[in-house]
Amino acid sequence: MKVSPIVSASCLSCGVMIPCDEIFCADCAPYALALARPCPRCGGFIPRSNEDDGGCRFCRGRKFSFDATESPFIYAGAVAKAVTTMKYGPIYRTAVAMGRWLGDRVPDAMRIADRVVFPPMSRMALFLRGFNQAAVLADEVARRAGMFLDPHTIKKVKRTKQQAELSLEERKRNLSGAFALTRPVTGKRFLLIDDVATTLTTANEIATLLKNNGADKVFVLTFARKSLHFD
Ligand SMILES: [Zn+2]
Ligand SMILES: [Zn+2]
């Protein structure tokens with residue numbers, strides 16, 4: 001007898017019911033593109049011609065403080081729809097489903113982290129938005145992967161502009177000094193979770209702060225990677 005899967009989740013892109021361990025339905029899944037051959041330095045798309053120099057056109061010459069970064073998906077199609085839904089639609093449910101899925105896929109090398117963290121929002125932004133989707137993602141990732149969630153060590157101390165419309169240089173200036181630590185991090189290993197990485201400015205700002213204060217490792221895992229090449 002064929003046992004039908006338990007239908008208890010909805011497709012993060014179109015909303016139809018799907019088996020509970022999946023995030024996209026059969027129709028949307030082909031439009032959720034995996035990042036198959038990421039750049040070893042920045043985790044982004046790597047143009048063929050630059051394979052040998054240890055970085056892609058985007059990250060060559062840039063200094064990163066984190067030790068590794070990965071994103072399972074390219075920010076496009078069904079994945080972009082899911083991330084938009086998480087920000088403006090059935091927010092909490094989408095973030096939880098996404099976090100669970102990501103939590104089952106934490107790369108082995110990143111599991112040595114002793115704390116799971118996320119980019120914090122300022123109190124005012126949190127009040128206006130209602131919740132921090134990265135915090136929900138990180139919480140689910142930590143639960144699913146059996147890791148420790150640390151929501152207190154990193155604090156947002158400066159109000160910043162929305163990053164979306166800013167250039168790389170403006171993003172750096174916007175985020176400079178935006179975060180602070182509330183306790184010592186010497187020798188600790190961090191896994192930073194976020195929904196989307198674009199220029200990695202936020203991740204790098206937080207990683208730099210942690211490393212400058214003695215953190216041993218900082219890994220960055222995001223659900224999707226948006227490439228500036230394909231904007
Ligand atoms: Zn669907
Ligand atoms: Zn790169």
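Residues numbered from 1 in each chain as written. Chains lettered and ligands numbered in written order. Predicted model: local features only at pLDDT ≥ 70, side-chain atom pairs only at ≥ 80, totals over all residues.

### So, the overall build of the protein
- Within the protein, the regular secondary structure consists of six helices and nine strands.
- Since a compact globule built from 231 residues should have a radius of gyration of about 17 Å, the 18 Å found for the protein is in line with a globular shape.
- When the 231 residues of the protein are sorted by exposure, 40% land in the buried category. (Helix = DSSP H or I, 4+ residues; strand = E, 2+ residues; numbered from the N terminus. Rg over C-alpha atoms; globule rule 2.2 N^0.38 Å. Buried ≥ 20, exposed ≤ 12 C-beta atoms within 10 Å, placed from the backbone.)

### What about the nonpolar core?
- Formed by 61 residues in total, the largest nonpolar core has its most connected members in Met98, Leu137, Ala138, Leu191, Leu192 and Ile193.
- Looking at this core, the elements with two or more residues in it are β4 (73-74), α1 (77-88), α2 (91-103), β5 (115-117), α4 (133-145), β8 (189-197), α6 (201-212) and β9 (217-225).
- Looking at which element gives the most residues to this core, the answer is α4, with seven residues.
- Each residue touching Leu137, except ones within four places of it in the same chain, is listed here: Ala95, Met98, Gly99, Leu102, Phe118, Ile193 and Asp195. (Core = buried A, V, L, I, M, F, W, Y, C linked by C-beta atoms within 7 Å. Contact = placed C-beta atoms within 7 Å.)

### Digging into α6
- Taking 1.5 Å as the rise per residue, α6 with 12 residues should run 16 Å; its terminal C-alpha atoms sit 16 Å apart, in good agreement.
- Taken together, the buried positions of α6 are occupied by Thr201, Thr202, Ala203, Asn204, Glu205, Ile206, Ala207 and Leu210.
- Contacts from the buried residues of α6 go to β3 (68-70), β6 (154-156), α5 (168-175), β7 (179-181), β8 and β9.
- Just beyond α6, the residue with positive phi is Gly214, at close to 100 degrees. (Expected span 1.5 Å × (residues − 1).)

### Things to note about the environment of Asp104
- Tracing the backbone through its elements, the reader meets Asp104 in the loop between α2 and β5.
- Look at Asp104 and you get exposed, because 11 C-beta atoms sit within 10 Å.

### With respect to the packing of α5 against α6
- Two elements in contact, α5 and α6, have axes separated by 10 Å at closest approach and are oriented at 40 degrees. Between α5 and α6, the angle falls in the class oblique. Here α5 and α6 pass one another in a crossing that is right-handed. Of the residues in α6, those in contact with Arg171, Lys172 and Leu175 of α5 are Thr201, Thr202 and Glu205. (Axes fitted to C-alpha atoms, helices over the stretch in contact; angles between N-to-C directions. Parallel < 35°, antiparallel > 145°, perpendicular 65-115°, else oblique. Left-handed = near helix turned anticlockwise from the far one by under 90°.)

### Examining the environment of Glu169
- Within the secondary structure layout, Glu169 lies in helix α5.
- For Glu169, a count of 9 C-beta atoms within 10 Å puts it in the exposed group.
- In the structure, Glu169 is positioned 32 residues away from Thr201 in sequence and 9.4 Å away in space, judged by C-alpha atoms.

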